[in-house]
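# Working through the structure, step by step
If you want the building blocks of each chain, they are given just below.
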Amino acid sequence: MKSQFRHVALFGRTHASVTGAALESSRKVLEDVAHFLARQGCDVVLEQNTAQLTGLGGYTALDLAQIGQQCDLGIPVGGDGTMLGVGRQMACHKLPLIGINQGRLGFITDIPLKDYQAALAPMLAGAYEEDHRSLMHARVLRQDVCVFDARAMNDVVVNRGATSGMVELRIEVDGHFVSNQRCDGLIIATPTGSTAYALSAGGPLMH
């Protein structure tokens, strides 16, 4: 079976704590996944930071914009944090993602590493269902000047920062007043991001 996805980008864990044995393990896993994809007929590229951190050679390294323009599938290999980061960065390109779980929590990177070949082969051949996730777009305006702009797949948190007391927030939805709150902060979560808050309150995982 040949892959329906011709150009596939691999994303690894690129945060600073990935060093030593963890880095070597990540490198080996990415190399194994890349070889598997090549056997399925895919042209494999590496995300630029992933290539630099792992030193994995033999593959073209592309930045995020180039991946968005040239690839038709992205595969983050890591935990849910890796998937969340890649998801918000690639959302503007509408790049479909399949997550392989090399981390501890795999709620959205739900293909276990040990089973990735059996799970991935039929998906590459077209046996899959798309799962569309909501994202939020957050901006911070100061005197009508935007000082922060980002997308979020999990949640947006407004907090008091270094202020010693509480902050007062006026909350509106679509221009309609909801409430005034004196509090430490406010969390606005997507359905994906609500899971951790539900668990911490003794609730269930919400699909």
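Scroll up to find the structure.
Scoring rules and cut-offs
The numbering scheme is per chain: residues are counted from 1 as the chain's sequence reads. Side-chain atom pairs in this predicted model are given and counted only at pLDDT of 80 or more, local residue features only at pLDDT of at least 70, and totals for whole chains, interfaces and linings cover all residues. Hydrogens and water are ignored here; the side-chain numbers use all heavy atoms of the structure. The working definition used for a salt bridge is a side-chain nitrogen of Lys or Arg within 4 Å of a carboxyl oxygen of Asp or Glu. Only protein chains enter the calculation, and the probe is 1.4 Å; a residue is then buried if its accessible area is under 20% of its type maximum, exposed if over 50%, and partly exposed in between. Numbered from the N terminus, helices here are DSSP runs of H or I no shorter than four residues, and strands are runs of E no shorter than two. As a rule, the C-alpha atoms of each element are fitted with a line to give its axis, helices using only the stretch in contact, and angles between N-to-C directions run from 0 to 180 degrees. Here is the rule for handedness: rotate from the far helix to the near one, and if that takes an anticlockwise turn smaller than a right angle the crossing is left-handed, while a clockwise turn gives right-handed. Pairs of residues are marked as contacts when any of their non-hydrogen atoms sit within 4.5 Å. Three categories are distinguished: nonpolar for Ala, Val, Leu, Ile, Met, Phe, Trp, Tyr, Cys and Pro, charged for Asp, Glu, Lys and Arg, and polar for the others, with Gly belonging to the last. Taken from the helix axis, the directions to the C-beta atoms give the arc we talk about.

### Regarding the pattern of salt bridges
The tally for this structure, following the rule as stated, stands at eight salt bridges. Here K114 ties to D115 by a salt bridge, and the two come within 3.2 Å at their closest N and O atoms. Using a relative accessible area of 74% as the deciding quantity, one classes K114 as exposed. Residue classification places D115 among the partly exposed positions, given a relative accessible area of 33%. Between R170 and E172 there is a salt bridge, with the nearest N and O atoms lying 2.8 Å from each other. Classification of R170 as exposed rests on a relative accessible area of 53%.

### Topic: unusual backbone geometry
Positive phi outside glycine occurs at Q143, with the angle close to 55 degrees. Looking at where Q143 falls in the secondary structure, it is placed in the loop between β7 (136-142) and β8 (145-152). Given a relative accessible area of 79%, Q143 falls into the exposed group. The backbone phi angle of D144 is positive, close to 65 degrees, even though this residue is not glycine. Its place among the elements puts D144 in the loop between β7 and β8.

### So, the packing of helix α1 (residues 20-39) against helix α5 (residues 116-124)
Relative orientation of the contacting elements α1 and α5 amounts to 35 degrees, with a least axis distance of 11 Å. Where α1 crosses over α5, the handedness of that crossing is right-handed. Taken together, the residues of α5 that come into contact with α1 (itself represented by D32, V33, F36, L37 and R39) are Y116, Q117, L120, A121 and L124. When the residues that make up the contact of α1 with α5 are grouped by side-chain class, the tally is seven nonpolar, one polar and two charged.

### Comments concerning the environment of I188
When you line up the elements, I188 lands in strand β12 (residues 185-189). Sequence spacing of I188 and V158 is 30 residues, and the spatial spacing of their C-alpha atoms is 8.5 Å. In contact with I188, other than residues within four places in its own chain, are M136, D155 and V156.

### Some remarks on α5
Taken residue by residue, α5 has Y116, L120 and L124 as its buried positions. Relative to the axis of α5, the buried residues are bounded by an arc of 40 degrees and lie together on one face. Packing partners of the buried residues in α5 comprise α1, β4 (73-78), β5 (100-101) and β6 (111-112). Trailing α5 by a residue or two, G126 shows a phi angle of about 115 degrees, which is positive.

Any functional reading would require information that these geometric values do not contain.
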